[in-house]
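# Structure at a glance
Chain by chain, the residues:
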Amino acid sequence: MSAALPWLEDASRNTAAALRAGRLPHALLIQGSRGSGAEAFAFWCAGLALCESGMASDATAPCGVCRGCRGVAARAHPDLVILGPSEDSREVRIEQVRELSADIALTSHRGGYKVGIITPADRLNRFAANALLKTLEEPPQRSLPSRVPATGRSRCQGLRIPSPPRAAALAWLRSEQPDRDWDRLLTVTEMAPLDALDADGAAVLALWEDTALSLERARRGQLDVVETAERWSRADYGHRLAAIENWLTDRLRAAVAPPTVHLSPGDNTSNIRAMFEILDAIHEARRLVESPLNRSLILERLLWQLTSARAGGGNA
Ligand SMILES: [Zn+2]
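Residues numbered from 1 in each chain as written. Predicted model: local features only at pLDDT ≥ 70, side-chain atom pairs only at ≥ 80, totals over all residues. Heavy atoms only, no water.

### Points about the coordination of the zinc ion
On the protein side, the zinc ion has C51 (SG), C63 (SG), C66 (SG) and C69 (SG) as donor atoms, found 2.3 Å from it. Geometry at the zinc ion is tetrahedral, judged from the four donor atoms that bind it and their angles of 105 to 117° at the metal. Mapping the donors of the zinc ion onto the primary sequence yields the spacing C-x11-C-x2-C-x2-C. You can see C51 sitting in the loop between α2 (38–50) and α3 (67–73) and its partner C69 sitting in helix α3, a full 18 residues away along the chain. (Donors = N, O, S within 2.8 Å, 3.2 Å for Na, K, Ca; no water. Tetrahedral: all angles 85-135°; square planar, octahedral: opposite > 155°, others 65-115°. Helix = DSSP H or I, 4+ residues; strand = E, 2+ residues; numbered from the N terminus.)

### Details of the confidence of the model for the protein chain
Counting all residues, the mean pLDDT for the protein chain is 83, and 85% of those residues have values of 70 or more. Taken element by element, the predicted model of the protein chain shows its lowest mean pLDDT in helix α7 (residues 182–188) (81) and its highest in α3 (95). Throughout residues 145–154 the model reports pLDDT below 50, and contacts reaching past four residues in sequence, or to other chains, amount to 37 contacts. pLDDT under 50 marks residues 312–316. Its contacts with residues more than four places away, or in other chains, come to 12 contacts. (pLDDT = per-residue confidence, 0-100. Contact = heavy atoms within 4.5 Å.)

### A few points about the pairing of strand β3 (residues 115–118)
On β3, burial covers both faces: V115 and I117 on one face and G116 and I118 on the other are all buried. As paired strands, strand β2 (residues 80–83) and β3 are joined by four bridges and run parallel to one another. From the neighbouring strand, V81 faces β3, where its bridge partner is G116. (Buried < 20%, exposed > 50% of the residue type's maximum accessible area, 1.4 Å probe, protein only. Pairing = 2+ DSSP bridges.)

### A short note on the packing of helix α9 (residues 201–219) against helix α11 (residues 237–256)
As a packed pair, α9 and α11 sit with axes 9 Å apart at the nearest point and diverge in direction by 55°. With respect to each other, α9 and α11 are oriented oblique. Considering the relative orientation of α9 and α11, their crossing is right-handed. Residues V204, L207, W208, D210, T211, A212, L215, E216 and R219 of α9 touch α11, and the partners they reach there are H239, R240, A243, I244, N246, W247 and R251. Looking at the contact of α9 with α11 residue by residue, the classes come out as eight nonpolar, three polar and five charged. (Axes fitted to C-alpha atoms, helices over the stretch in contact; angles between N-to-C directions. Parallel < 35°, antiparallel > 145°, perpendicular 65-115°, else oblique. Left-handed = near helix turned anticlockwise from the far one by under 90°. Nonpolar A, V, L, I, M, F, W, Y, C, P; charged D, E, K, R; others polar.)

Pasting the structure below:
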């Protein structure tokens, strides 16, 4: 059996039952937070549709070993079309959607379903999304496109992937690779287990520690802001923003905690307000993480904000 991720058992069981009953919608919009397994679930569904084992009436998963399942696992099944953003534009473009639609409309190679996966679907540009809508309005027989944009939601069935509870995420990661410090790594990657599994753990943790040290120095006015921003902008930008947010959130949590808990001397009210403003700026930067903005400039601004929050806020 090709088991689904443990926190997706309900979604898997329901989807398998729908397929057996012949009432699986021809399009599924699979939504989940980053790293929660939404994309993995899309491929799991593709396996379900393309499994050739003649699934038993009580089967709840694709067999995992037949020609169809192996093709999906290798991302090389003739009836599976996978669309992602093009390298140069970071968008899914209309030509790609047209190719997918044309391919899906052809007779299936193996006599079963044809499946298209678009991931991440929020990268469909406006024109591509409109072209996809046309495909969804006139679906060919036995096709099962998955993950479509907001504008297409009324034409397909939504499926929300839950974020895994921490204990379930830890258990799954330990079963995948027992000898890594998943507890710490999950904290850094904000409980996104699939991101944690993909990450180079040691490098991520080193980046996390380097970020914390540098930000402490920024707060003391001892950081070369321009040099640091330039260096940080060159690699691991997304991880770096996450680490900055993580550090700042910890500081805020300590600062607003009841006085019995340690209160940092510099964290008075105006300082806390300034830190919340920085937190907003980080959220905005993370939202735009894929856009072609000047990363060095964004980081520089964040670091200056941190430095001046300290200077304007406290007397310690
Ligand atoms: Zn199979």
